[in-house]
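# Structural features, examined
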Amino acid sequence: MSNESSIHLFAIGSNGSGQLAQAHLLDIKTPIEVTIPPTQGVSSTLGSNIVSVAAGGNHTIVLCRDGRAFTSGQNDDGRLGHGGEFQGIMQVVELPLSPARDHLLDGITHIAATWSATFLVAHGMVYSCGSGDRGELGQGPQVTRSGTPTAIPNFPPDGTQVTQLQGCMAHVLAVLSDGSVYGWGSGRKGQLGEPSIDVWEPRRIDCVPFCVGSTACGKDFTCFISASDDGEICVLGPRSNDRFGVQCAAPVAAPGWSGLAASWGSIYVLTSSGDIVAWGRDDHGQLPPANLPSVQKLAAGSEHCIALTSTGQVLVWGWGEHGNCGEPIDERGDVKGRWNKLSAPGTVCAVYAGCATSFFVTSKRAG
Amino acid sequence: MSEENIYDEIEIEDMTFDSVLQTYHYPCPCGDRFEINIEDLRDGEEIAVCPSCSLMIRVIFDVDDLPKPEGGATGQAQQVVAV
């Protein structure tokens, strides 16, 4: 046992709806551990393996390697996927197929969030719950509310699996095993292709001129990067309001790419050499500050970034009014043209970000 | 009102109207929502504010296109609003 390590999730930032799973609803200014109550029948830390974290406007989803998902935050519309009435406690998602409530059989492989909905991929289907007035749930025309996780009908097509799932404020993107890309939700800005309308069930996006390697969703745009090392880039949206150059200032390609992320108004391509190619809005210092050290992992929240450097440091920059970028911040609440460092016990292995929230996962040698 | 504080310009078609509160709202990156009362829009106000942070948006709209105050839709929600 002595050489086993324990995994811990830490959070910082906006917590007004309990999205950081604490006993209070105050913003968190220094990183604090997110735990699961003993009543959930698991260890007090968030499982042994955290695969990913997704965040909506006021809720957080944590996916563990054993296929269970946990949620915390606002739940007036059922977006947490369980009947939990308490804000601020991580509780396990109740999939309709959880046999005998044995959540170890949930088999959830991917998670995503829009502003007020949760998306879970399990057993070949995509489940959604919560609310959305512009088709975000993907469950068909005019379905704006789903109190429990419900499978999106007839999706994905037979013979395919979802390999990537991304969400932002009001739209969702799914990449399938055959290379096709589907999207649904808010589409008035062209973020889901043509026609530019809200899309109430998954619609194939066929206007991307290359084989898609990864996607990232912003507030009203979608970025695609090619599967090849060339890193060809295609941006759909934001029509009629591209004043920050998300589309018109996009590079043709980002060769040697290793990761793609988007905030609500900026796009970030991480390269295998640890550089970040970024464009879009920078009014709150959202773009990477000069002289940033080499980065191995990067996550973009609504208007800020959190990066794990090659030497294991956690750096944050951008709009930090709710403490999500650590301290200090300037008079506008920004960490602009510079970065703050978040300190953590143990070795940091992953970073995630939401709406004025930042998360990182640490590995700590037991004993 | 400093231009610096305007987070974005949002068309009113992209906002959600709450018929009970008589407000238009739109997500704020902090997790709360930008809000503006329809009466304020009728008075020519165009800035919606977020109650939880310093950000604001400018609402793009035409006063003539706003729902009329009286005699418009007569849904149940309207009956709750005593005048």
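Refer to the structure above for everything that follows.
Described in the following lines is the structure provided in the data block. In this text the structure is predicted, and so the values were computed from the model without any measurement. (Residues numbered from 1 in each chain as written. Chains lettered and ligands numbered in written order. Predicted model: local features only at pLDDT ≥ 70, side-chain atom pairs only at ≥ 80, totals over all residues. Heavy atoms only, no water.)

Moving on to the pairing of strand S25 (residues 347-354) of chain A. Along any regular strand the residues' side chains alternate between the sheet's two faces. Residue and element names in this part refer to chain A. Most of S25 sits out of view: six of its eight residues are buried. Taken together, the seven bridges between S25 and strand S26 (residues 357-365) define a ladder with antiparallel strand orientation. Bridge pairing in S26 places Val348 opposite Thr362. (Buried < 20%, exposed > 50% of the residue type's maximum accessible area, 1.4 Å probe, protein only. Helix = DSSP H or I, 4+ residues; strand = E, 2+ residues; numbered from the N terminus. Pairing = 2+ DSSP bridges.)

Each partner contributes to the interface: chain B provides 23 residues, whereas chain A provides 25 residues. Where chain B abuts chain A, roughly 1900 Å² becomes buried across the two surfaces, and 40% of that area is made up of carbon and sulfur atoms. The largest share of the area that chain B buries against chain A comes from Tyr7, Asp14 and Pro29 of chain B, three residues that together contribute 28% of it. Linking chain B to chain A there are five salt bridges. Put simply, Asp8 of chain B and Lys219 of chain A hold a salt bridge, and the shortest N to O gap is 3.0 Å. Linking chain B to chain A there are 18 residue pairs in polar contact (both at pLDDT 80 or more). Counting only elements with at least two residues in the side of chain B that touches chain A, the list comes to strand S1 (6-11) and strand S3 (23-27) of chain B. Element by element, the count of residues in the side of chain B that touches chain A is highest for S1 of chain B, at six residues. (Contact = heavy atoms within 4.5 Å. Buried area = accessible area lost by both parts, 1.4 Å probe. Salt bridge = Lys/Arg side-chain N within 4 Å of Asp/Glu carboxyl O. Polar contact = N/O pair within 3.5 Å; in protein donor to acceptor, adjacent residues only side chain to side chain.)

With that out of the way, let us pick up a negative patch on the surface. Residues and elements named next belong to chain B. Together, Glu13, Asp62, Asp64 and Asp65 give the surface a local cluster of negative charge. Considering the arrangement of structural elements, one finds Asp62 in the loop between strand S6 (56-60) and helix H2 (76-80). Residue Asp62 is classed as partly exposed on the basis of its relative accessible area of 41%. (Patch = residues over 30% accessible without salt bridge, like charges linked within 9 Å, V, L, I, M, F, W, Y side chains within 5 Å. Areas by Shrake-Rupley, 256 points an atom, 1.4 Å probe, with all protein chains shown as cover. Lys, Arg positive; Asp, Glu negative; His and termini not counted. Charge placed at Lys NZ, Arg CZ, Asp CG, Glu CD.)

Okay, the sheet that holds strand S5 (residues 69-73) of chain A next. Residues and elements named next belong to chain A. Ordered by their spatial adjacency, four strands build an open sheet running S3-S4-S5-S6, and the pairing between neighbours is antiparallel. In the strand order of this sheet, the two ends are held by strand S3 (50-55) and strand S6 (91-92), each with one partner. Sheet topology places S3 next to strand S4 (residues 59-64); five bridges connect them, and they run antiparallel. Note that in S4 the partner of Ile50 across the bridge is Cys64.

All names here are of chain A. Pairing within the open sheet is antiparallel, and its four strands lie in the order S21-S22-S23-S24. Looking along the sheet, the strands with just one partner apiece sit at the ends: strand S21 (295-300) and strand S24 (334-342). Taken over all neighbouring pairs, the strand axes of this sheet differ in orientation by 20° on average, direction set aside. Bridge analysis of strand S23 (residues 314-319) against S24 gives five bridges, and the strand direction is antiparallel. Bridged to Gly318 within S24 is Val335. (Axes fitted to C-alpha atoms, helices over the stretch in contact; angles between N-to-C directions.)

Okay, the packing of aromatic side chains next. Each aromatic ring pair is characterised by the separation of its centres together with the angle its planes make. Residues and elements named next belong to chain A. Within the structure shown, the criterion is met by seven aromatic pairs over all chains. Seen from their ring centres, Trp115 and Trp264 are 6.1 Å apart, and the 55° between their planes marks the pair as tilted. A residue pair is termed long-range when its members are at least 10 positions apart, and Trp115 in the loop between strand S7 (108-114) and strand S8 (117-122) and Trp264 in the loop between strand S18 (257-262) and strand S19 (266-271) qualify at 149 residues. Clustering of aromatic rings is evident, with ring pairs tying together Phe119, Phe155, Tyr182 and Trp184. (Phe/Tyr/Trp six-rings, centres within 6.5 Å; stacked < 30°, edge-to-face > 60°.)

Moving on to the nonpolar core. Of all hydrophobic cores here, the largest spans 55 residues; its most connected members are Phe155, Leu165, Trp184 and Phe224 of chain A together with Phe34 of chain B. Considering each element in turn, this core owes the most residues, five residues, to strand S12 (residues 171-176) of chain A. Among the nonpolar cores identified, the runner-up in size contains 27 residues, and Ile12, Cys305, Val314 and Val348 of chain A belong to it. (Core = buried A, V, L, I, M, F, W, Y, C linked by side-chain atoms within 4.5 Å.)

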